[in-house]
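# Fold and contact review
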Amino acid sequence: MDKISQENIDLKMRLIEDFSNFEASLNGQSNEMIHNVRRDAIAYINENGFPTKKFEEWKYTNPANILKNDYVQAFTQPAGDLSGIDVTEVLAESNANVLVFVNGRYESSLSRIVSKGDGIFVGNLSEAYVAHKDLINSHFSKLAKNEKGAFTAMNTAFATDGAVVYAADNVQIPEIIRIINIADARTGTYLSQPRNIFIAGVNAKAMISEEFFTIGENPSLTNMITEVFCGRGSMLEHYKIQNDGANANHVGSTQIKQEADSHYSNTTISWGGNITRNNLQAVFAGNNTECHFFGLYLLSGRQHVDNHTLADHAMPNCYSNELYKGIIADRATGVFNGRIMVREDAQKTNAYQSNNCILLSDDAMNYSKPQLEIFADDVKCSHGATTGQLSDQEMFYLRSRGIPHDEARAMLLQAFAEDVIDTIKDEYLREKLDKKLIEILMSTR
Amino acid sequence: MITLKDLRATVETEEGKKEILKGINLQINAGEVHAIMGPNGSGKSTLASVLTGREGYEVTGGSVEFEGNDLLELEPEERAQHGIFLAFQYPVEIPGVSNTNFLKTAINEIRKSKGMEPMSSVEFLKMMKEKAKLVGLDPSMTSRYVNVGFSGGEKKRNEIFQLAMLNPKFSILDETDSGLDIDALKAVAEGVIKLKTNDNAFLVITHYQRLLNFIVPDFVHVMFDGRIVKSGGKELALHLEENGYDWITDMKETAEA
């Protein structure tokens, strides 16, 4: 037996043991419906194990490199020391909801919830389970099913906390909801598994930002799931901003279901972390939906970011548009795998996709893989990918006007990245991101 | 102001290095307008590229002194900071960078190199307005991305606008007349005339004489095969207009025979 499969089995055994301890700690709650879902998930892992790089879906990102550290599940540990965790910059956005999770655990003392009232819930999963039990039961794991793979099942098996946003029919939440996930890697090597559920009712509206930070130098793994339900005619703005530390790994799965006439827009910005894998999948379950996926990855050192997207056109007259941009330096690697599925009934589909990259060094890499599967005959689909370097012409033009080399380069890269940053509708957040973008570009060589 | 002595340069081609400039001697003083004319491929644009430090050219001999500095030792941005400006033959489109941001950065970098404080936004906007008016540029162009979606004439006018904003000591106009109709040509030339002072100098590179009807040069140089083969006053341009470049070729062939 080779080394990888041995590690795979060791991990499986450890998770099964974790699970029986977890189950024992639940007391009476093990009869709850949600717990049956967890049992199914651990059974799935027991049967299937974890993927290896031989799996087509993991060809460019080796799961063994993500799983190799002996992680301790963070939820089994007592709450850590919160001193040294500073979220003042986020709280400075005065009208924002701020939900802070440290190693997957909700910290109300660091959080602030401003959106309250009839038909609104902004809070954490365990509270939501008390306040809206039926709602959670009817949505939990309905999109992020075990068949999505072992990382998804692992989260489901151990999911204890996360963010829940609920806007009932015709309810609009005016304030942005910023979910701050902090990996505290100061004292241990932890696995955190946040579980988020966002539910927008008919014609509801919300803006949600998931943001990731790390403190400390130990390796960490965040294996998270976000399930997003967009009701008929709803509008959801959703951001994922990855500022993680150099030893932080991330596997995230965002599963979206859009009902008719709904509008969903996702912007994923990755400029931190060690190995990052983002799965972003939307299924259009009604007519006339509109879906946007925007992405920016800005990588240096040996960073690796893999964006796997799926726009699943199951119904007619839907529109999806994807734009992913990468700036890759040093020996870093970007992966974009964009799958568009147009099912037989999905006539009059409009689906577009593009992936553009600038490589700043000879060793920088970008793998770009469009995957269009079209089973309807009256559709408009296109994809495009470009990989190149900064234009010498543009550089010389700027320098010939007195702008030094590094500033000129940052200016051109900023212009390249800007149309993704511009999709962030929250002005406060966008300005911070702009600042950070320039900071990173000036330090990238 | 600027002195070129036996300037030689090669460019990398598929067939190896090719010598384009074969010993250029030129002296330009403050307050003067010089024109360089010559047939295609004579090395006019290469001269502009070498003077502004574009990559891809190798200086193999000679020197360029600009206000006491060895120009060839400087990076392109340092040359600009010292007061050299090139109005491009083919201005580059830069999507995502606004004219305003571009020029503000350029001006402040030039100021920084001189130990000056950045210009205030109010002062900058006022200057933009003034200079746009001076060169006849539609003010709405200034907020657009650099040259993106500009017509040929607008691009050339934008070059002169940048010249007005940066106020260089020595400006090279590289085929600024190419691709312009007579009205656009006139407008661009008028802009340049307004910017001419006793303290700055211009080098106008052109294939045709018509631009020189508007920007009247003090000296005209004829360039052929990498050398200046004839220099004279403004009347030389007229002679070229009437007789074309053939007489130079003939003259050269006779000399070589």
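Residues numbered from 1 in each chain as written. Chains lettered and ligands numbered in written order. Predicted model: local features only at pLDDT ≥ 70, side-chain atom pairs only at ≥ 80, totals over all residues. Heavy atoms only, no water.

### What about the state of the cysteines?
Residues and elements named next belong to chain A.
- Here the structure, examined in full by the defined rule, presents zero disulfides over all chains.
- Take Cys230: it sits in no disulfide, and the sulfur closest to it among the cysteines is that of Cys291, at 8.3 Å.
- The exposure class assigned to Cys230 is buried, which follows from its relative accessible area of 1%. (Disulfide = S-S within 2.5 Å. Buried < 20%, exposed > 50% of the residue type's maximum accessible area, 1.4 Å probe, protein only.)

### A word on the interface of chain B and chain A
- Residue-level contacts link 31 residues of chain B with 16 residues of chain A.
- Interface area for chain B against chain A, summed over the two sides, is near 2000 Å², with a carbon-plus-sulfur share of 64%.
- In this assembly, chain B and chain A are joined by three salt bridges.
- The partner of Arg401 of chain A in a salt bridge is Glu159 of chain B, and the shortest N-O contact between them spans 2.8 Å.
- The interface formed by chain B and chain A contains 10 residue pairs in polar contact (both at pLDDT 80 or more).
- Within the residue set of the side of chain B that touches chain A, elements represented by two or more residues are helix H2 (76–82), strand E6 (84–87), strand E7 (94–98), helix H3 (99–113) and helix H5 (152–166) of chain B.
- For the side of chain B that touches chain A, the leading source of residues is H3 of chain B, giving six residues. (Contact = heavy atoms within 4.5 Å. Buried area = accessible area lost by both parts, 1.4 Å probe. Salt bridge = Lys/Arg side-chain N within 4 Å of Asp/Glu carboxyl O. Polar contact = N/O pair within 3.5 Å; in protein donor to acceptor, adjacent residues only side chain to side chain. Helix = DSSP H or I, 4+ residues; strand = E, 2+ residues; numbered from the N terminus.)

### Quick word on the domain arrangement of chain A
All names here are of chain A.
- Per the domain assignment, the segments of chain A are domain 1 (48–405) and domain 2 (406–445).
- Between the C-alpha centres of domain 1 and domain 2 there is a distance of 20 Å.
- Contacts between domain 1 and domain 2 engage 37 residues on the former and 26 residues on the latter.
- At the boundary of domain 1 with domain 2, total buried surface from both sides reaches about 2900 Å², with 76% on carbon and sulfur atoms.
- Looking at the side of domain 1 facing domain 2, the largest losses of area belong to Trp271, Lys325 and His405, adding up to 19% of the total buried there.
- Counting across the interface, domain 1 meets domain 2 through two salt bridges.
- Summed over the shared surface of domain 1 and domain 2, the number is 12 residue pairs in polar contact (both at pLDDT 80 or more).
- Broken down by secondary-structure element, the contributors of at least two residues to the side of domain 1 that touches domain 2 are strand E9 (205–215), strand E11 (235–242), strand E13 (263–270), strand E15 (290–299), strand E17 (319–328), strand E19 (349–359) and helix H8 (392–399).
- Among the residues making up the side of domain 1 that touches domain 2, the classes are represented as 21 nonpolar, seven polar and nine charged. (Domains from an automatic or database assignment. Nonpolar A, V, L, I, M, F, W, Y, C, P; charged D, E, K, R; others polar.)

### Points about the side chain of Glu32 of chain B
Residue and element names in this part refer to chain B.
- Checked against the element boundaries, Glu32 lands in the loop between strand E2 (16–28) and strand E3 (33–37).
- No salt bridge is formed by the buried Glu32; its nearest oppositely charged neighbour, Lys196, is found at 10 Å.
- Within the structure, Glu32 has its side chain in polar contact with the backbone nitrogen of Asn29 (distance 2.9 Å).
- A polar contact is formed between the side chain of Glu32 and the side chain of His34, at a distance of 2.7 Å.
- Discounting residues that sit within four places of it in the chain, Glu32 has contacts with Gln27, Asn200, Ala201, Phe202, Asp218 and Phe219. (Lys, Arg positive; Asp, Glu negative; His and termini not counted.)

### Let's talk about the sheet that holds strand E12 (residues 227–232) of chain B
All names here are of chain B.
- Taken together, six strands build an open sheet; the order of strands is E6-E9-E10-E3-E11-E12 and the sheet is mixed. Every interior strand has two partners, whereas the edge strands, E6 and E12, have only one. Strand-to-strand twist of the sheet, defined as the mean angle between neighbouring strand axes without regard to direction, takes the value 20 degrees.
- Pairing analysis gives five bridges linking strand E11 (residues 219–224) to E12, with the strands arranged antiparallel. Along E12, the bridge assignment pairs Met223 with Ile228. (Pairing = 2+ DSSP bridges. Axes fitted to C-alpha atoms, helices over the stretch in contact; angles between N-to-C directions.)

### Concerning the side chain of Glu211 of chain A
All names here are of chain A.
- Looking at the secondary structure, you find Glu211 in strand E9.
- There is a polar contact of 2.8 Å between the side chain of Glu211 and the side chain of Ser209.
- Ignoring sequence-local partners within four residues, the contact set of Glu211 consists of Arg178, Ile179, Ile180, Asn181, Ile241 and Leu429.

### As for the environment of Leu413 of chain A
Residue and element names in this part refer to chain A.
- Within the secondary structure layout, Leu413 lies in helix H9 (residues 405–421).
- For Leu413, a relative accessible area of 0% corresponds to the buried category.
- Once the C-alpha coordinates of Leu413 and Leu441 are considered, the two residues, 28 residues apart in sequence, prove to be 7.3 Å apart.
- In contact with Leu413, other than residues within four places in its own chain, are Ile327, Ile358, Leu360, Leu390 and Leu441.

### A few points about the pairing of strand E2 (residues 97–102) of chain A
Residues and elements named next belong to chain A.
- Within E2, six of the six residues are buried, which leaves the element mostly enclosed by the surrounding structure.
- Residues Asn97, Leu99 and Phe101 of E2 are buried on one face, and the alternating residues Val98, Val100 and Val102, pointing to the opposite face, are buried as well.
- As judged from the six bridges shared by E2 and strand E6 (residues 177–184), these two strands associate in the parallel manner. Across the sheet, Leu99 pairs through a bridge with Ile179, a residue of E6.
- Taken together, the two bridges between E2 and strand E3 (residues 105–106) define a ladder with antiparallel strand orientation. If you follow Val102 over to E3, its bridge partner there is Arg105.
- Once E2 ends, the chain turns through two residues before running back antiparallel as E3, passing Asn103 with a positive phi of about 50 degrees.

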